[in-house]
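# Analysis of the macromolecular model
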Amino acid sequence: MRYDETGRVYVFDRFRLEVAERRLLENGAPVALPPRVFDTLVALVAQSGRLVSKEDLLRIVWAGVFVEEANLTVNVSALRKILGETPSGSSYIETVPRKGYRFVGNVAEAAETAAAAPASAAAVPGPSVAVLEARPRRGRALAAIALGLAMIALGIAKWRDRATPAADQAALPRSLAVLPFEVTGGEPGNAAFGLGLADALITRLSGSPELAVRPTSSIASYTAAHDPAAIGRALGVDAVLTGLVQRSAGELRVSVQLVDTRDGRTLFAEAIREKEADVFTLQDTLAGRLAPILPRGLAGASRVGTRSREAYELYLEGRFHWFRWTPEGWARARELYEKAIAADPGYALAYAGLGEAVGIQLFNGIPEPTATRARELAAKALALDPGLAAAHFALGPIQLFHDRDWSAAEATLRKGLALDPGSPIGHDLLGILCSSTGRFDEAVAEARTALALVPLSPYLGWDLAEALLWARRLPEARVQLERTTATEPAFLPVRFQLANVLALLGEDARALEEELAALRQSGTSAETESALRAALKTGGTGAFWRARLVALRKEAAKTYVSPYALALLAARIGDTEEALDALEAAEKARTPELVRVAIDPGLDPVRGEARYQSLVGRLGLATVATVKGPSTAPRPPSASPAPSPRA
């Protein structure tokens, strides 16, 4: 069966269906329909009163593409919800069990016709994914990624582009989250490749200014078991894309579904079957087919960056471990990136990933050679691919936290953001730099942007609170810290910083409770906690903080403790010389936290000291005089552990 409804206009009850215009009107107002749903409606209305078999509908609506029958079921279900009931109270679409569907509305063809469209456009409802002949298997996980990436990007583009009326466009989602794909087949590494597929698709879709796509860091912790609509609402997006990759008998079956988070409707569904193919040939072929029909920027070359299947697989697995956000995960990611580079010494993405993974060690007191290597890796990535945003975001933290070269760091981060405006790490780092140089309004704006991209990130929630703290907006900082603590109570930096802000606000009792709770949660010994409580009981708040400093000195004799943390505690208890000694030690060790030395309220007790002013001058920073703070000097904050790597 085939239909050609060029120029026809159908009317039924309150609806008007203009085929050539690809428009459905309800009482004169446009109704937004995804392209496949529109085509399903046309096929049924054109045969009003007659049975249209499932086979015919699949052939008409998905011409030349293998899809599951479930896709048709989804479309019919969507139409029933959109059309509602007939005046008599029945559905417009009748199901004929095991056979097909029948449109039962009272349909009339309008006397006038819409402007005729080209016959070629009418004969085939829209561009479709060609079923390609696959080459022999050379990487089943990669074939899944390539096939899913191309197929989904094409489907979303068609779905968006075909709804041309302005009213329809306004109803389409403008923001999207792609969840890790579920990969079945019982093979090890499925979770890694499921996230790799999502990551690759996010990279491809993020090129369009028409669609805001959440970064991989915002979705990495989710699985197929979560409710997509609920995840989408938590992430603040209009729609969520989920996918399933099935491996069986040398064949790949990729199914995707786009869910509207506002009402749970399925907006788009596709399924495709392929033999396991060579990923790179398949990607190149599909990218060529996509180029004429995708929005500008969406069909650009994929940043796979390598022709080595082994290197690509290792990189994807490294990304999976990176997003576990644990020291063990970062260590494993470093190993995998090293192996990816060994497999392909020209792989820019692997160099950028390794540079980022090596650079993280700077936050844990790793010595100078680490910074040198991280810089070399980022520079290598940039040499191989100057347009790689990830390489700029690997270099920027070295220039910021280690070199303290404010202008170079800002230039690098802004270049990265020009290439990838949706990068949370880019906005976060730029916000930290703006705070450090006294540009507090910019800093808070950048921190808010980063958190909006990854709303559930405790790291970014912490950084927004710190931007507010450095700006002396203490009540707002407290609210943000309490919000982050409520969602991630195990994230200790936020708990320590909350104790800090409470002390600055004069809520000593609550601050001490929060500090003790965070210490207990961090594994502090019962003996240490007992000593702190005894000091508080006998000598009050001042004795508590002195005992805290003694305990931290003992800890520093056994393991790395940031000298900056020691400086804060010494300043708190009024030991100016020890505080200044610790700050100078932090300068010598290039401690990352030193970027905040000119703005940290915890250092207010030593700001008048010549050694402090000299240190700030050597770092090329403005003094706290540029900060508009409270009328009375804030109390110094408590010490907290060395900062964790940023999100």
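Residues take numbers from 1 onward in each chain, read along the sequence in its written order. Confidence filtering applies because this is a predicted model: local features only for residues at pLDDT of at least 70, side-chain atom pairs given and counted only at 80 or more, and all residues used for totals across whole chains, interfaces and linings. Where side-chain values are given, they derive from all heavy atoms of the structure, hydrogens and water being excluded.

The subject of this paragraph is helix α2 (residues 54-61). Only protein chains enter the calculation, and the probe is 1.4 Å; a residue is then buried if its accessible area is under 20% of its type maximum, exposed if over 50%, and partly exposed in between. Secondary structure follows DSSP: runs of H or I at least 4 residues long count as helices, runs of E at least 2 residues long count as strands, and numbering of each begins at the N terminus. In terms of residue burial, α2 counts as a mostly covered element, since six of its eight residues are buried. Residues of α2 that are buried include every one of K54, D56, L57, L58, I60 and V61, and no others.

Here we take up helix α26 (residues 610-618). Along α26, the residues that are buried comprise Y612, L615 and V616. All buried residues of α26 fall inside an arc of 95° around its axis, so they share one side. Throughout, a contact is declared for two residues whenever any of their heavy atoms are within 4.5 Å. Looking at the packing, one finds that the buried side of α26 touches α25 (576-589). A positive phi of about 75° marks G620, the residue just after α26. Working definition: the arc comes from the directions between the helix axis and the C-beta atoms, pointing outward to the latter.

Here four bridges tie strand β1 (residues 9-12) to strand β2 (residues 15-18), and the two strands are oriented antiparallel to one another. Bridge pairing in β2 places V11 opposite R16. Paired strands, in this sense, are two strands between which DSSP finds at least two bridges. Here β1 hands over to β2 after two residues, with D13 in that stretch at a positive phi of 50°. Relative to strand β8 (residues 107-109), β1 is paired through three bridges, and the arrangement is antiparallel.

Here the focus is the confidence of the model for the protein. This prediction gives the protein a mean pLDDT of 77; 73% of its residues lie at or above 70. Note on residues 113-170: pLDDT under 50 across the span, and 169 contacts to partners over four residues away in sequence or across chains. Per-residue confidence from the predictor is given as pLDDT, running between 0 and 100. Scored below 50 in pLDDT, residues 625-647 shows 73 contacts in the model against residues more than four places distant or in partner chains.

Axes here refer to lines fitted to C-alpha atoms; in helices the fit is confined to the stretch in contact. Angles between the N-to-C directions go from 0 to 180 degrees. For the pair helix α24 (residues 563-572) and α25, the least separation of the axes is 8 Å and the interaxial angle reads 165°. Put simply, α24 runs roughly antiparallel to α25. Crossing handedness for the pair α24 and α25: left-handed. Along the contact surface, α24 presents P563, Y564, L566, A567, A570 and A571, while α25 presents E578, A579, A582, L583, A585 and A586. Gly counts as polar in this scheme, as do all residues outside two lists: the nonpolar Ala, Val, Leu, Ile, Met, Phe, Trp, Tyr, Cys and Pro, and the charged Asp, Glu, Lys and Arg. Taken together, the residues of the contact of α24 with α25 break down into eleven nonpolar, no polar and one charged. Roughly parallel covers angles under 35 degrees, roughly antiparallel covers those over 145, roughly perpendicular covers 65 to 115, and oblique covers all other angles. Helix crossings get a hand from a simple test, with the near helix turned counterclockwise from the far one by less than a right angle marking a left-handed crossing and a clockwise turn marking a right-handed one.

Turning next to the nonpolar core. One finds V178, I219, L235, W322, Y337, Y347 and L469 to be the most contacted residues of the largest nonpolar core, which totals 90 residues. In terms of residue count, the dominant contributor to this core is helix α19 (residues 458-470) (nine residues). Once residues lying within four places of it in the same chain are set aside, the contact partners of L469 are L474, A477, Q497, N500, V501, L504 and P601. In plain words, nonpolar cores are sets of buried Ala, Val, Leu, Ile, Met, Phe, Trp, Tyr and Cys residues tied together by side-chain atoms within 4.5 Å. In terms of nonpolar packing, the next biggest core, distinct from the first, is built from 52 residues, F496, F544, V561 and L569 among them.

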